[in-house]
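Spelled out from the first residue to the last, the chains are:
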Amino acid sequence: MLTSLKGSWCLILGASSGMGRATALAMAAEGANVFGVHFGTAAQQEEVDELVEELRATGVQVSFHNCNAASKQTRAELVPLLAELAGPEGVRVLLHSLAFGSLLPFLPQEGREEVITPRQMDMTVDVMGHSLVYWVRDLYVAGLLPRGAKVFALTSRGDGRVMPSYGAVSAAKSALASHVRQLAVELAPSGVSVNALRAGLTLTPALLRIPGSDGLARYATESNPHGRLTVPEDVAEAVVMLSATDSSWITGNVIDVDGGEGLV
């Protein structure tokens, strides 16, 4: 049975741009309140303020926080605040959309001696992979994941392909898929679903930081059966659609949201 999202709460990690931003707007359009966590500079704050005003204009409650979403201290501070706002109904949707990591090669390259360090490798996999587990666990322990709640993690085609300087992020995405499977099984008795959404190539700030992203975008545009790249709104629509049910029967999957890009 389809259910309304109106009045529910969604927690979006990485809410200020890209797919996180698009999902915040899409959820607010459905009447869901938005609790956003983002990590930005003072120069980016104006854009965030504009987003918050746009969300509030829909009539929903909005609570945004500029801090490190992968920090234990951040979770310790924000989970009780979220519990106070959401009340006994808890969180309907958690979207893990963190894209912060190192884009350095494993081995020295011709004309480029810099390589990824152990600290950079650990940071990348922790932020983009392991932090999903810690957020889900803290929400679960706090009683904020009711039956029917949905957890989404964002992955990419890079989880199984090799691209220049993408090794650490690819490792993080592979870990993320493993975490989704494990969490799906452990949360099944609670009626909570956990899935990864694998978007097609999307022009987000994270993509633009990848060396050779222009060429990747051209190739994806030409090869996609729809003749265009994926846009953040495609992913946001999938989140809304999959969240509009109390069923937890779709769980533990990596769901392609790519217009058929991965098929060709």
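Before any of the text, the structure's been laid out above.
Caption draft 1: Layout of helix α4 (residues 118-141). The largest bend along α4 reaches roughly 50° and is located at H130. Looking at the buried side of α4, the elements it contacts are β1 (9-13), α3 (72-86), β4 (93-96), β5 (150-156) and α5 (167-187). Positive backbone phi, at 75°, marks G143, one or two positions downstream of α4.

Caption draft 2: Highlighting the environment of L11. As for its placement among the helices and strands, L11 is situated in strand β1. Given a relative accessible area of 0%, L11 falls into the buried group. A C-alpha to C-alpha distance of 8.9 Å links L11 and A24, two positions 13 residues apart in sequence. Non-local contacts of L11, meaning those with residues more than four positions away in its chain, are made with F35, V37, L82, V91, V93, L94, L95, W135 and L139.

Caption draft 3: How the structure looks around the pairing of strand β3 (residues 62-66). Among the five residues in β3, four count as buried, and that is most of the element. Summarising the sheet, strand β2 (residues 33-38) and β3 pair through five bridges and their orientation is parallel. Bridge pairing in β3 places H38 opposite N66. With respect to chirality, the unit in which β2 leads through helix α2 (residues 45-56) into the neighbouring parallel β3 is right-handed.

Caption draft 4: Fine view of the pairing of β1. Of all five residues that make up β1, five are buried, and the element is covered over most of its length. Burial along β1 is two-sided: the face carrying W9, L11 and L13 and the face carrying C10 and I12 are both buried. Note that β1 and β2 share five bridges and pair parallel. Across the sheet, L11 pairs through a bridge with F35, a residue of β2. Crossover β1 to β2 through helix α1 (residues 18-29) is right-handed.

Caption draft 5: Expanded view of the sheet that holds strand β7 (residues 254-257). Strands sit in the order β3-β2-β1-β4-β5-β6-β7 across an open sheet of seven strands; the sheet is parallel. Lying at the two open borders of the sheet, with one neighbouring strand each, are β3 and β7. The sheet shows a mean angle of 20° between the axes of neighbouring strands, direction not considered. Inspection of the sheet shows β4 paired to β5 by four bridges, in the parallel sense. Residue pairing for β5: L95 is matched across the bridge by F152. In the packing of α2 onto the sheet, the strands contacted are β2 and β3, and the crossing angle to β3 comes to about 165°.

Caption draft 6: Layout of the pattern of salt bridges. For the structure shown, the criterion picks out nine salt bridges. Across the pair D256 and R198 runs a salt bridge, and its minimum N-O distance is 2.7 Å. Of this pair, D256 sits in strand β7 while R198 sits in strand β6 (residues 193-199), and the two are 58 residues apart along the sequence. Exposure remark for D256: the relative accessible area of 37% places this residue in the partly exposed category. What makes R198 buried here is its relative accessible area of 15%. Here the salt bridges do not stand alone but share partners, grouping R157, D159, R198, D256 and D258 into one network.

Caption draft 7: Examining the side chain of T230 more closely. Here T230 lies in the loop between α7 (213-223) and α8 (232-243). The class for T230 is buried, based on a relative accessible area of 4%. A polar contact of 3.5 Å, which involves the side chain of T230, links it to the backbone nitrogen of G200. If sequence neighbours within four positions are ignored, T230 has contacts with G200, L201, T202, L203, V235, V257, D258 and E261.

Rules and cut-offs
- Residues numbered from 1 in each chain as written.
- Predicted model: local features only at pLDDT ≥ 70, side-chain atom pairs only at ≥ 80, totals over all residues.
- Heavy atoms only, no water.
- Bend = angle between axes of the 7 residues up to and from the residue.
- Helix = DSSP H or I, 4+ residues; strand = E, 2+ residues; numbered from the N terminus.
- Contact = heavy atoms within 4.5 Å.
- Buried < 20%, exposed > 50% of the residue type's maximum accessible area, 1.4 Å probe, protein only.
- Pairing = 2+ DSSP bridges.
- Right-handed = clockwise from strand over helix to strand, strands pointing away.
- Axes fitted to C-alpha atoms, helices over the stretch in contact; angles between N-to-C directions.
- Salt bridge = Lys/Arg side-chain N within 4 Å of Asp/Glu carboxyl O.
- Polar contact = N/O pair within 3.5 Å; in protein donor to acceptor, adjacent residues only side chain to side chain.

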